[in-house]
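Here's the letter readout for the chains.
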Amino acid sequence: MANDLSTPLTGRRQRLKNALGRPHLPVARILFGLIGVIAIGTVARLVLVDDPTGGRPSQEAAIASTQLGNSVADSVASGPVTITADPQQYPADGPITVVPGQAADNASAEAHSAPNSLGIVPELSEETANGAIPRISGTGQTPFATYQYPFEAASAGTGPRIALIVTGLGINEQGSLDAIAQLPDLVTLAFAPYGKALQNTVTVARGGGHEVMLEVPLEPFDFPQNDPGPHTLLTGEAPRDNLEKLFWLMARFGGYFGIINNMGARFTASAGDFGPVMEELGARGVGYIDDGSSNRSVSAQLASANKVPYARASMLIDANPARSSILSALDSLEAEAVEHGSAIGIVSALPISIQAVSEWSAGLDSKGIALVPASALMQ
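This structure is a prediction, so every number in the text was calculated from the model and none was measured.

Draft legend 1. Examining the pairing of strand S5 (residues 161-169) more closely. Taken across its nine residues, S5 has eight buried, putting it largely inside the fold. Sheet analysis places S5 next to strand S12 (residues 342-348), joined by seven bridges and oriented parallel. Across the sheet, residue Ile165 finds its bridge partner in S12, namely Ile346. Pairing of S5 with strand S13 (residues 370-371), which is carried by two bridges, proceeds in the parallel orientation. Looking at S13, one finds that Ile162 is bridged to Leu371. Once the chain exits S5 it traverses helix H6 (residues 173-182) before rejoining the sheet at strand S6 (residues 188-191), and the crossover so formed is right-handed.

Structure representation (structure tokens):
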């Protein structure tokens with residue numbers, strides 16, 4: 001009986017003994033120990049080795065501005081901009097440092113600001129779905145200042161000044177080229193946006209010394225019976241729609257310093273419709289000349305509010321396209337210039353008008369009147 005009781009007791013003792021006899025590993029203590037060793041090693045490296053980047057090439061960057069992608073802001077920043085790169089990014093002679101206002105590649109920057117084969121400065125163009133349209137450059141250079149005739153005010157003396165703008169060019173290519181060849185280079189040329197070889201004709205005009213303008217069709221009171229052409233800007237339309245039309249028109253050719261209205265008595269009388277257009281011209285550094293056909297135009301007020309270079313023409317010279325009438329209108333233009341100091345006349349690109357203007361302009365010097373480009377009379 002005693003043996004039967006001792007056997008289970010002996011088995012329990014043996015199992016307990018076996019369990020106590022197995023080796024027990026302090027896992028938690030080992031992990032904490034390893035973490036401590038790593039931490040001590042990191043601290044020692046930072047203290048003993050003065051290269052926390054581990055040999056990766058780098059330079060310090062002085063943050064002078066928080067504005068990104070703004071070349072005007074970059075150009076006025078006071079501190080240098082430095083570059084941190086991977087080892088393969090540095091040239092053999094060391095890292096690159098770019099100073100604001102100084103291009104990293106001066107040759108590339110000069111090429112970008114120099115006129116191309118068409119006489120267009122790439123920096124003054126913005127690409128759109130319809131083509132390139134004018135814009136102010138990152139350095140503040142405007143299309144108006146760049147593309148106007150380089151006229152020296154002193155060369156005109158102190159006497160009366162007259163500017164002539166020939167409109168309607170570009171639709172008939174050969175007729176336009178003939179007009180360009182006959183007219184003095186001080187005459188300003190305005191091109192309609194519908195010619196097939198428009199950019200080529202404009203390039204010839206600018207190459208011949210003329211400053212050029214873009215004609216923009218605006219809604220007259222009797223529209224659509226009297227229609228200036230496709231993409232006419234209309235009253236009552238959403239500003240976005242009119243601006244999309246404006247951008248299409250502005251992309252027809254490049255190199256113009258300003259625009260002039262084609263018709264538009266209703267549109268130019270509506271500040272709500274005309275305002276967004278004039279605001280866009282101001283934002284893009286483009287001038288505006290009112291053809292003077294409507295006394296209800298609010299163009300002067302809108303131009304002033306949006307800092308748009310502006311002038312208003314005095315009269316249409318060839319409203320009656322007969323030689324005697326044209327010469328009489330030119331006499332009236334002279335009288336206005338004498339009275340007010342300056343005057344701007346509008347002439348259509350009719351052959352008879354071109355011939356009359358060419359002959360008339362030859363005798364201006366003897367009258368003490370200077371022929372000047374239209375941009376020279378803009379405020």
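Draft legend 2. Layout of unusual backbone geometry. Here the amide bond leading from Phe223 into Pro224 is cis, since omega sits at 5 degrees, within 30 degrees of zero. Position of Pro224 among the secondary structure elements: in the loop between strand S7 (212-218) and helix H8 (239-250). You will see that His231, though not glycine, has its phi angle at about 65 degrees, which is positive. The exposure class of His231 is partly exposed, given its relative accessible area of 31%. The phi dihedral of Lys307 falls on the positive side, at around 55 degrees, and the residue is not glycine. Along the polypeptide, Lys307 turns up in the loop between helix H11 (299-305) and strand S10 (310-312). You can call Lys307 exposed: its relative accessible area is 73%.

Draft legend 3. Structural context of the nonpolar core. Leu164, Ile165, Leu189, Phe191 and Tyr288 are the most contacted members of the largest nonpolar core, which has 79 residues in total. With six residues, the top contributor of residues to this core is S5. Apart from the residues within four sequence positions on either side, Leu189 is in contact with Val166, Leu169, Ile180, Leu183, Ala205, His210, Glu211, Val212 and Met213.

Draft legend 4. Representation of the packing of helix H12 (residues 323-340) against helix H13 (residues 351-361). Running from N to C, H12 and H13 point in directions that differ by 45 degrees, and their axes come no closer than 10 Å. If you check the angle between H12 and H13, you find them oblique. Like other packed secondary-structure pairs, H12 and H13 cross with a definite hand, here right-handed. Residue-level contacts link Arg323, Ile326, Leu327, Leu330 and Glu334 of H12 to Ile352, Ser353, Ala356, Glu359 and Trp360 of H13. Classifying every residue of the contact of H12 with H13 by side-chain character gives six nonpolar, one polar and three charged.

Draft legend 5. Here's a closer look at the packing of H8 against helix H10 (residues 271-284). The contact between H8 and H10 brings their axes to 10 Å, and the two run at 45 degrees. Comparing the axis directions of H8 and H10 gives the class oblique. Pair H8 / H10 crosses with right-handed handedness. Here Pro239, Leu243, Leu246, Phe247 and Met250 of H8 lie close against H10, whose contacting residues are Pro276, Val277, Glu280, Leu281 and Arg284. When the residues that make up the contact of H8 with H10 are grouped by side-chain class, the tally is eight nonpolar, no polar and two charged.

Cut-offs and rules
- Counting of residues starts from 1 at the beginning of each chain's written sequence and follows it residue by residue.
- Only residues with pLDDT of at least 70 are given local features in this predicted model, and only at 80 or more are side-chain atom pairs given and counted; all residues enter the totals for whole chains, interfaces and linings.
- Side-chain descriptors were evaluated using all non-hydrogen atoms of the structure, hydrogens and water having been removed beforehand.
- The buried label applies to any residue whose accessible area, calculated with a 1.4 Å probe on protein chains only, is under 20% of its type's maximum; exposed applies above 50%, and partly exposed to all values in between.
- To qualify as a helix, a DSSP run of H or I must reach at least 4 residues; to qualify as a strand, a run of E must reach at least 2; elements of each kind are numbered from the N terminus.
- Only when DSSP finds a minimum of two bridges between them are two strands counted as paired.
- Here is how to tell: hold the view so the strands point away, follow the path from the first strand over the helix to the second, and if it runs clockwise the crossover is right-handed.
- The term nonpolar core refers to a set of buried residues drawn from Ala, Val, Leu, Ile, Met, Phe, Trp, Tyr and Cys, joined through side-chain atoms within 4.5 Å.
- Only heavy atoms enter the contact rule, under which two residues are in contact if any of them lie within 4.5 Å.
- Between the N-to-C directions of two axes lies an angle of 0 to 180 degrees, each axis being a line fitted to C-alpha atoms and, for a helix, fitted only over the stretch in contact.
- Any angle between 65 and 115 degrees counts as roughly perpendicular, while under 35 counts as roughly parallel, over 145 as roughly antiparallel, and the rest as oblique.
- Helix crossings are classified by the rotation of the near helix relative to the far one: an anticlockwise turn of less than a right angle makes the crossing left-handed, while a clockwise turn makes it right-handed.
- Amino acids are sorted into nonpolar (Ala, Val, Leu, Ile, Met, Phe, Trp, Tyr, Cys and Pro), charged (Asp, Glu, Lys and Arg) and polar (every other residue, Gly among them).

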